[in-house]
Amino acid sequence: MNSQIPIYPEPYWRDPNPFPEFPNLKEDLKTDVVVVGAGIAGITTAYLLAKEGKNIILVDAGRVGNGTTGHTTAKITAQHDVIYDELIQHFGTAEAESYYLANMSAKKFIENTIHQLAIDCDFKQEDAYLYTIDDANKAKLETEAKAYQTLGIKGSYMDKLPLELGEKAGLVMPSQARFHPLRYLQKLLDEFVSLGGKVFENTTVVDIEEGHHPTVITRENLKITCQDVVLCTHFPCYDKGAFFARLHADRSYVLAIKPEKVYPGGMYLSIDSPATRSLREVTINGEQHVLVGGQSHKTGKGVCTMQHYEVLEQFARDTFGIKAYLYRWSAQDLITLDKVPYIGRMTEKHRNIYIATGFRKWGMSHSTISALLITDLIMERPNPYEKLYTPSRFQADPSLRNAVVQNLDVAGTLLAGKVGLTFKEPKDLAKDEGAVVMVDGQRCGGYRDSDGDLHIVDSTCTHMGCEVEWNHGDRTWDCPCHGSRFSTDGEVIEGPAERPLGKVALEVEQR
Ligand SMILES: Cc1cc2nc3c(=O)[nH]c(=O)nc-3n(C[C@H](O)[C@H](O)[C@H](O)COP(=O)(O)OP(=O)(O)OC[C@H]3O[C@@H](n4cnc5c(N)ncnc54)[C@H](O)[C@@H]3O)c2cc1C
């Protein structure tokens, strides 16, 4: 059996491609709703709207399910790395709880749909574990465990995982799940078509004529006129919300291997940066295999791509041994400024154009939340998660809107980070803790070193004005827009920024 890296990348999910072929668009059409993009977000939305009795056209620039959805690892979970403490800090306890509930109800929706439609898609309940192999990161898990308690999330901090990974600590969230995403979507698409839905592949949307009846325009200048447009194109293909400045892409790598040792079950994700590791079991030809993922990095920032596979292969050999090496693939997902996806009306002004993006590699549940939420908006029903996910959340202040219009290239990130969020006080930082803090009403970066001294910097990147974020693994301030990195005193570690972050003096030393 093959235990060498396969020469060509190919995701297990598409071997074979479970979808039938669909034609490309050949004539102008009219419909109720056009859904653009046939990944999990688009297919689920199209399916739900068709069930509501709407006439739907689903178009994709390429083949159905061949975007990020065809290259995922398909864990269905509300355990999205360490996020809940950060959500509490930025959005408050109620919104952090909403985030958890939204994701758990998405998981429930997927599970119910699988039962109702009798979908054979390898769905299995699994416990999800975060873990660290680095003593320095134990505190992060402790803090996250406290956030679980605050929010009433089931789960607990632990010293040992069911799988030996050299862990120093772990955090379990029980009763999560995993599945074969394309087999699930194949059935949803079948249902969609039997409800009268139309699918067009190799049909690229290049523009939208706005209006009471918006018109979607394809590369061939064919037009579909409708009442509502839903953009599920990963990065929005029609951008009136400065999303180019509010999203960045991050890549990861995946191997499918047959292990020498028995895999004990569970879904694992290391929180150690940059050596992220993601593990889950998958059944291939009736036998136990393991998906080994990781080596995340910002798109365009990686080393030679094969090196990422080699590192993961070595990790797999050390952890399980490799009997056979079946598949390898990589993909990227989009991340928003505050790590919460943009789901809903594209802007307050664009009432009949909707977007679903920025899933941060947690798109199985978030795409489902998108489909449920956007369906409710189109059907003019309330949805409890509308406010949390609204793409307009950074535009709350009209003066910011004006600034965005005048200076689109930097305003989105510059302003989004400065307003609307509640941050820590510098005095609340523990030793060796860094966080975004508020100083005299301004968003700043704060770090308290192991001697107890505070280092406060202006958190606005000197490259293009985006807001830097704390990287605890490296004790640095990193720019999410273009990758500049700074020391705790603001010195440039990595460009494109050429100038250091501004230093901020505190009037009274805070201990
Ligand atoms: C390596 C990796 C592992 C992951 N693992 C997990 C996981 O375990 N659990 C989890 O929850 N999430 C995971 N994710 C995230 C998840 O896979 C994605 O968030 C999700 O698949 C995105 O789905 P989507 O429908 O938004 O986008 P996509 O699947 O990318 O679909 C977008 C579609 O839009 C089409 N399109 C684009 N532009 C146009 C245009 N102009 N006109 C027409 N069509 C267009 C594309 O062709 C594509 O088919 C992972 C992501 C990565 C990268």
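Scroll up to find the structure this text is about.
Presented here is a report on the structure given in the accompanying data block. (Residues numbered from 1 in each chain as written. Predicted model: local features only at pLDDT ≥ 70, side-chain atom pairs only at ≥ 80, totals over all residues. Heavy atoms only, no water.)

A word on the overall build of the protein. The helix and strand inventory of the protein stands at 10 helices and 26 strands. Considering the protein as a whole, with its 511 residues, one finds that 59% of them fall into the buried category. In the protein, 68% of the contacts between residues at least 6 apart in sequence involve partners at least 24 apart. Carbon together with sulfur atoms contributes 49% to the accessible area of the protein, which is approximately 20,800 Å² in total. (Helix = DSSP H or I, 4+ residues; strand = E, 2+ residues; numbered from the N terminus. Buried < 20%, exposed > 50% of the residue type's maximum accessible area, 1.4 Å probe, protein only. Contact = heavy atoms within 4.5 Å. Areas by Shrake-Rupley, 256 points an atom, 1.4 Å probe, with all protein chains shown as cover.)

A separate point is helix 7 (residues 363-378). Taking 1.5 Å as the rise per residue, helix 7 with 16 residues should run 22 Å; its terminal C-alpha atoms sit 21 Å apart, in good agreement. In terms of residue burial, helix 7 counts as a mostly covered element, since 15 of its 16 residues are buried. (Expected span 1.5 Å × (residues − 1).)

With that settled, consider unusual backbone geometry. The residue after Asp15, namely Pro16, is reached through a cis peptide bond having omega 5 degrees. Structurally, Pro16 is set in the segment before strand 1 (29-30). At Ser175, a residue that is not glycine, the phi angle is positive and equals roughly 55 degrees. Considering the arrangement of structural elements, one finds Ser175 in strand 7 (residues 169-178).

This part is about the sheet that holds strand 22 (residues 454-458). Here we have three strands laid out as an open sheet, ordered 20-21-22, and antiparallel in their pairing. Of all strands in the sheet, those with a lone pairing partner are strand 20 (433-439) and strand 22, marking the two edges. Going across the sheet, the axis of each strand differs from the next one's by a mean of 30 degrees, ignoring polarity. (Pairing = 2+ DSSP bridges. Axes fitted to C-alpha atoms, helices over the stretch in contact; angles between N-to-C directions.)

Our next topic: helix 5 (residues 181-194). In an α-helix, one full turn covers 3.6 residues, which means residues spaced three or four apart are oriented alike. Between the first and last C-alpha of helix 5 there are 20 Å, a value that for 14 residues agrees with the 20 Å anticipated at 1.5 Å per step. Within the span of helix 5, buried status applies to Pro181, Leu182, Tyr184, Leu185, Leu188, Leu189 and Phe192. Looking straight down helix 5, one finds its buried side chains confined to an arc of 150 degrees; they lie on one side. Buried residues along helix 5 sit against helix 1 (40-51), strand 3 (56-59), helix 3 (93-116), strand 8 (198-200) and helix 7. (Arc of directions from axis to C-beta.)

Turning our eyes to something else, we now look at the site of the ligand. By nearness alone, 34 residues border the ligand, and Asp60, Thr69, Thr73, Lys75 and Asp333 come closest of all. At 3.0 Å, a backbone N or O of Val205 approaches a nitrogen atom of the ligand. Separating an oxygen atom of the ligand from a backbone N or O atom of Met364 is a distance of 2.8 Å. Isolated, the ligand exposes 1,000 Å² of accessible area, and the fraction of that covered by the protein chains is 92%. Sorting the residues of the shell around the ligand by element identifies helix 1, strand 13 (247-259), strand 17 (322-336) and helix 7 as the ones contributing at least two each. Taken together, the residues that form the shell around the ligand break down as 14 nonpolar, 16 polar and four charged. (Near = heavy atom within 4 Å. Polar contact = N/O pair within 3.5 Å; in protein donor to acceptor, adjacent residues only side chain to side chain. Nonpolar A, V, L, I, M, F, W, Y, C, P; charged D, E, K, R; others polar.)

Moving on, we come to the side chain of Gln176. Mapped onto the elements of the fold, Gln176 is located in strand 7. Here Thr77 takes part through its side chain, which lies 3.1 Å from a polar atom of the side chain of Gln176. Leave out the neighbours within four places in its chain, and Gln176 touches Ile76, Thr77, Ala78, Gln79, Met104, Lys107, Lys124, Gln125, Glu126, Ala128 and Met267.

Hydrogen bonds between backbone groups are what pair the strands of a sheet, and the pairing can be parallel or antiparallel. Read across the open sheet, the four strands follow the order 1-11-10-9; overall the sheet is mixed. Only two strands of the sheet have a single neighbouring strand rather than two, namely strand 1 and strand 9 (205-209). Across two bridges, the pairing between strand 1 and strand 11 (residues 223-225) is parallel. Bridging across to strand 11, Leu29 finds its partner in Ile224.

This brings us to the pattern of salt bridges. Scanning the model with the defined rule gives 22 salt bridges in all. Between Glu491 and Lys503 there is a salt bridge whose closest N-O contact spans 4.0 Å. Residue Glu491 is located in the loop between strand 25 (485-486) and strand 26 (492-494), and its partner Lys503 is located in the segment after strand 26; the two are separated by 12 residues in the primary sequence. Taking relative accessible area as the criterion, Glu491 reaches 41% and is therefore assigned partly exposed. Through salt bridges that share partners, Glu52, Asp376 and Arg381 make up one connected network. (Salt bridge = Lys/Arg side-chain N within 4 Å of Asp/Glu carboxyl O.)

This paragraph deals with the packing of aromatic side chains. For any pair of aromatic rings, the description rests on two quantities: the centre-to-centre distance and the angle between the ring planes. One pass over the structure, following the stated rule, counts 13 aromatic pairs. Plain terms: the ring middles of Tyr84 and Tyr148 are 5.9 Å apart, the flat faces sit at 80 degrees to each other, and that makes the pair edge-to-face. Of this pair, Tyr84 sits in helix 2 (residues 84-91) while Tyr148 sits in helix 4 (residues 138-151), and the two are 64 residues apart along the sequence. For the pair Tyr84 and Tyr148, a shared accessibility class is recorded, and that class is buried. (Phe/Tyr/Trp six-rings, centres within 6.5 Å; stacked < 30°, edge-to-face > 60°.)

On to the environment of Gly266, then. Along the polypeptide, Gly266 turns up in the loop between strand 13 and strand 14 (267-270). C-alpha separation for the pair Gly266 and Glu281, spaced 15 residues apart in sequence, amounts to 7.6 Å. Residues contacting Gly266, with those up to four places away along its chain left out, are Glu126, Asp127, Tyr129, Leu279 and Arg280.

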